[in-house]
Amino acid sequence: MGTPIGHTAIEAVYRREAGRVLATLIRLVGDFELAEEGAQDAFEAALAHWPTTGVPSNPRAWLVNTGRHKAIDRLRRRITLRGKLKALGAETVVTHDSDAGLEDIEDDRLRLIFTCCHPALALEARVALTLRVVCGLPTAAIARIFLVAEETMAQRLVRAKAKIREAGIPYVVPGRELLAERLAGVLAVAYLVFTEGYAPSAGDVTTRPELCAEAIRLARLLDQLLPGETEIAGLLALMLLHAARLDGRSDGAGELLLLEEQDRSGWDQAAIAEGKALVERALSQPRHIGPYGVQGAIAALHADAPSFAETDWPQIAGLYQVLLRLQPSPVVELNAAAALSMVEGPARALQLVDALAATGALDAYWPLHAARADLLHRLGRAAEAQAAYARALPLVRLDAERRLLERRMSQATT
C-alpha cells in the first residue's frame, strides 16, 4: 500500500481506469448491469479505504477483484444456484502485486468494443452502448450527441444490453473473416469518442484530451489488427490531424478560438506529419477510398496551410463534393457550403445553407444557424445576421460555445 491520499487522487485513478475495470468485469461476470454495479461498488470501496490505506501498488487489479467480489455478493442475494456462481469464476483472482494478466485486461476493452458493435445491434445502438460502457459517457451526453431525449437514450441502452444478453453475443474479438462487417460500427464509435473529446457536448471544459487519446489508442489497435484497411488509416489520420490543433482551440482564459484565430506555430508538427503519412495510405487505393480518408485529406490541407487565408480552399471544396457522394448527410452539406463560400463567395453559399435550413433537418443544430449568421454578416446584412445568431444561442449547451457566439454576434453589428 502507498501513502494515504485524498479524493482528488482517487478521482484521477477513476478517470484513468474506470473503462478498463468495467470491461474486465463484464468479461468476468458475463452481464453488463451486474458488472456496472460491481464497478460502482469497487470505486465506492476505494473512496472509503484508500484515503487511509493509500492506493494499492496495482489499483486496477484491486478494483477488478473488489468489483468482482461485490458483483458475486449481489448475485448471491438474487440467486442461490451454485452453478451460476461457478460460472462467474469466483475463485479467479487478478493479482494485486504484479503486472501478470494486465495485457489481458487491456485486451478486454477491445473485446468489449466488438461486443458492443455486434451486427445484431442497430448501428446507433452499437455506438451509444460503447460510448456508455467503454468510455463512461453519461447517458445525457450521449443523448445530446444523437439529438434525442435522455429518457429515449436510456431506453435504447437498456434494450441494447438486453439484446446482447438474450442473443448470447460472445465477448470476443471476431475472427478476421468477420472483422470487415463489424468495422464500420467500431470506427464510428472511435470517431464519436474523439469528437466528444475534441468538442465536448457537456460540462465546463473546452476539450477532453483523455477522450481524444483514448480514441486514437483504439484506432491504433484496429490498425494493428487490420493494417491494410484504408479507412482505419483514414480515421487515424483524421484524429491525429485534429488532435494536433487541440491546444490551439482555446486561449489562456479558456475561450474558444475559431480556426482563423488560432496560433498555428503551436500545432503539434509530429502529429501532423504522422497524419499526413496516414492520409497517403488511406488514399493509396482509389477503389477503396472512404469517408474517413477524404476527411483526413481535408484536415491535412488545413494543417499544411501557413494561414487561414492561404488555405487551399478550392481543393477542400472539391473534396467535400467527393465526401457528399460517399457519405451524403445534412452536416456534410453544411460543411461543403462553408468551404464553397471561401471559393465562390458567401452569396452562393447562403443559397445552399438556406435550402438546407428549409428542410428542417438541422433545425436544432446550432452550427447551421451560426454558419448562416456568418454568411449574412459577410454580405453586410447585419440585422439578419443578428437574428440568425439569436436563433443559434438557445441551442448551445456549453458556456464556452455560448461566449464564442456572443462574441461573434457583437462583431456582426455593422
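Keep in mind the model is a prediction, meaning the values are calculated, not measured.

Moving on to the overall build of the protein. On a plain count of helices and strands, the protein comes out with 19 helices and zero strands. Since a compact globule built from 414 residues should have a radius of gyration of about 22 Å, the 24 Å found for the protein is in line with a globular shape. Here the C-alpha coordinates of the protein stretch approximately 75 × 45 × 40 Å along the principal axes. The burial tally for the protein puts 49% of its 414 residues in the buried class. In the protein, the proportion of contacts linking residues at least 24 apart, taken out of those at least 6 apart, comes to 65%. Taken as a whole, the protein presents about 19,400 Å² of accessible surface, with 53% of it coming from carbon and sulfur. Each charge class in the protein was averaged separately, 46 positive and 51 negative side chains, and the resulting centres sit 5 Å apart.

What follows is about the packing of helix H18 (residues 382-392) against helix H19 (residues 399-411). Between two packed helices, what matters for the description is the angle formed by their axes and the separation of those axes. At a minimum axis separation of 9 Å, H18 and H19 run at an interaxial angle of 170°. Between H18 and H19, the interaxial angle falls into the category roughly antiparallel. Taking contact as the criterion, the partners of Gln 386, Tyr 389, Ala 390 and Ala 392 in H18 are, on H19, Leu 405, Arg 408 and Met 409. Among the residues making up the contact of H18 with H19, the classes are represented as five nonpolar, one polar and one charged.

The next point concerns the environment of Phe 114. Within the fold, Phe 114 resides in helix H5 (residues 102-116). A relative accessible area of 1% means that Phe 114 is categorised as buried. Through-space distance from the C-alpha of Phe 114 to that of Ile 169 is 10 Å; in sequence the pair is 55 residues apart. Leave out the neighbours within four places in its chain, and Phe 114 touches Val 172, Val 173, Pro 174, Leu 179, Arg 182, Val 186, Leu 222 and Leu 225.

So, about the side chain of Arg 126. Mapped onto the secondary structure, Arg 126 falls in helix H6 (residues 123-133). Judged by relative accessible area, Arg 126 falls into the buried class, the value being 12%. Excluding its chain neighbours within four sequence positions, the residues that come into contact with Arg 126 are Cys 116, Cys 117, His 118, Pro 119, Leu 121, Gly 185 and Val 189.

Moving on, we come to the nonpolar core. Of all hydrophobic cores here, the largest spans 101 residues; its most connected members are Leu 63, Leu 112, Leu 129, Val 133 and Tyr 320. Non-local contacts of Leu 112, meaning those with residues more than four positions away in its chain, are made with Ala 23, Ile 26, Phe 32, Val 133, Val 134 and Tyr 171.

Our focus in this paragraph is the packing of aromatic side chains. For the structure on display, the rule yields five aromatic pairs. Between the aromatic rings of Tyr 191 and Tyr 292, the centroid separation amounts to 5.8 Å while the plane-to-plane angle is 80°, which identifies the pairing as edge-to-face. Note that Tyr 191 is positioned in helix H9 (residues 176-198) and Tyr 292 in helix H13 (residues 291-304), a separation of 101 residues in sequence. Judged by its relative accessible area of 12%, Tyr 292 falls in the buried class. Between Phe 308 and Trp 313 the ring centres are 5.2 Å apart and the planes differ by 70°, which places this aromatic pair in the edge-to-face class. Overall, Trp 313 belongs to the buried group, its relative accessible area being 9%. The ring of Trp 267 carries Arg 245 above its face, with NZ or CZ at 5.6 Å from the centroid. Geometry around Tyr 198 places Arg 249 over its ring, the cationic atom sitting 4.5 Å from the centre.

On to H9. In this model, H9 (23 residues) spans 31 Å end to end at C-alpha, consistent with the 33 Å of a helix rising 1.5 Å per residue. If you look at H9, its biggest bend is around 55°, right at Arg 182.

Here we come to the environment of Glu 333. The topology assignment puts Glu 333 in helix H15 (residues 330-344). Classification of Glu 333 as partly exposed rests on a relative accessible area of 39%. The residues touching Glu 333, leaving out its near neighbours within four places in the chain, are Leu 324 and Leu 356.

This paragraph deals with the confidence of the model for the protein. The predicted model of the protein averages 87 in pLDDT, with 92% of residues at 70 or higher. Taken together, the stretch residues 90-103 has pLDDT below 50 and engages in 24 contacts with residues farther than four places along the chain or on a different chain.

Right, let's get into helix H2 (residues 32-53). Look at H2: 30 Å from first C-alpha to last across 22 residues, which is about the 32 Å you get at 1.5 Å a residue. Leu 47 marks the point of greatest bend in H2, at about 35°, and the proline Pro 51 comes within the next four residues. Among the residues making up H2, those that are buried are Phe 32, Leu 34, Ala 35, Glu 36, Gly 38, Ala 39, Asp 41, Ala 42, Phe 43, Ala 45, Ala 46 and Trp 50. The backbone nitrogen of Glu 33 has a side-chain oxygen 3.1 Å away, supplied by the residue at the start of H2, namely Asp 31.

This brings us to the environment of Gly 290. Position of Gly 290 relative to the elements: it lies in the loop between helix H12 (269-282) and H13. C-alpha separation for the pair Gly 290 and Glu 231, spaced 59 residues apart in sequence, amounts to 5.9 Å. Ignoring any residue separated from it by four or fewer positions in sequence, one finds Gly 290 in contact with Glu 231 and Leu 326.

Attention now goes to the packing of H12 against H13. Orientation of H12 relative to H13, taken along the N-to-C sense of each, is 140°, at an axis distance of 9 Å. Read as a crossing pair, H12 and H13 show a hand that is left-handed. In contact with Ile 272, Lys 276, Val 279 and Ala 282 of H12, H13 contributes Gly 293, Gly 296, Ala 297, Ala 300, Ala 303 and Asp 304. Across the contact of H12 with H13, the residue classes break down as six nonpolar, two polar and two charged.

What counts and how
Within any chain, residue numbers begin from 1 and follow the written order of that chain's sequence. This being a predicted model, a pLDDT of at least 70 is required before a residue's local features are given, and a value of 80 or more before pairs of side-chain atoms are given or counted; all residues contribute to the totals for chains, interfaces and linings. Water and hydrogen atoms were dropped before computing side-chain values, which therefore reflect all heavy atoms in the structure. What counts as a helix is a DSSP run of H or I of at least four residues, what counts as a strand is a run of E of at least two, and both are numbered from the N terminus. Radius of gyration: over C-alpha atoms. The globule rule applied is 2.2 Å multiplied by the number of residues raised to the 0.38 power. With a 1.4 Å probe rolled over the protein chains alone, any residue whose accessible area is under 20% of its type maximum counts as buried; one over 50% counts as exposed, and the rest are partly exposed. Residue contacts follow a heavy-atom distance rule, with two residues in contact if any of their heavy atoms lie within 4.5 Å. Residue-level accessible areas treat just the shown protein chains as cover; the underlying method is Shrake-Rupley with a 1.4 Å probe. Only four residue types enter the tally: Lys and Arg on the positive side, Asp and Glu on the negative side, with His and both chain ends excluded. A charged residue contributes its charge at one atom only: NZ of Lys, CZ of Arg, CG of Asp or CD of Glu. Between N-to-C directions, angles span 0 to 180 degrees; the directions come from axes that are lines fitted to C-alpha atoms, helices contributing only their stretch in contact. Each angle is binned into one of four classes, with values under 35 degrees roughly parallel, values over 145 roughly antiparallel, values of 65 to 115 roughly perpendicular, and all other values oblique. When residue character is reported, Ala, Val, Leu, Ile, Met, Phe, Trp, Tyr, Cys and Pro are called nonpolar, Asp, Glu, Lys and Arg charged, and the others, Gly included, polar. To form a nonpolar core, buried Ala, Val, Leu, Ile, Met, Phe, Trp, Tyr and Cys residues must be joined to one another through side-chain atoms within 4.5 Å. Aromatic rings from Phe, Tyr and Trp, with only the six-membered ring used for Trp, were paired whenever their centres fell within 6.5 Å, and each pair was classed as stacked if the ring planes differed by under 30 degrees, edge-to-face if by over 60, and tilted otherwise. Charge over a ring is defined by NZ of Lys or CZ of Arg lying within 6 Å of the ring centre and within 35 degrees of the ring normal. By this rule the span expected of a helix is its residue count minus one, scaled by 1.5 Å. To obtain the bend at a residue, axes are fitted to the seven residues ending there and to the seven starting there, and the angle between these axes is taken. Across the chain, each position has a pLDDT score giving the predictor's confidence in that residue, from 0 to 100. Two N or O atoms count as a polar contact when they lie within 3.5 Å, although within protein this holds only if one can serve as hydrogen donor and the other as acceptor, and sequence-adjacent residues are included solely when both atoms are side-chain atoms. Handedness of a helix crossing follows the sense of rotation of the near helix relative to the far helix, less than a right angle counterclockwise being left-handed and clockwise being right-handed.

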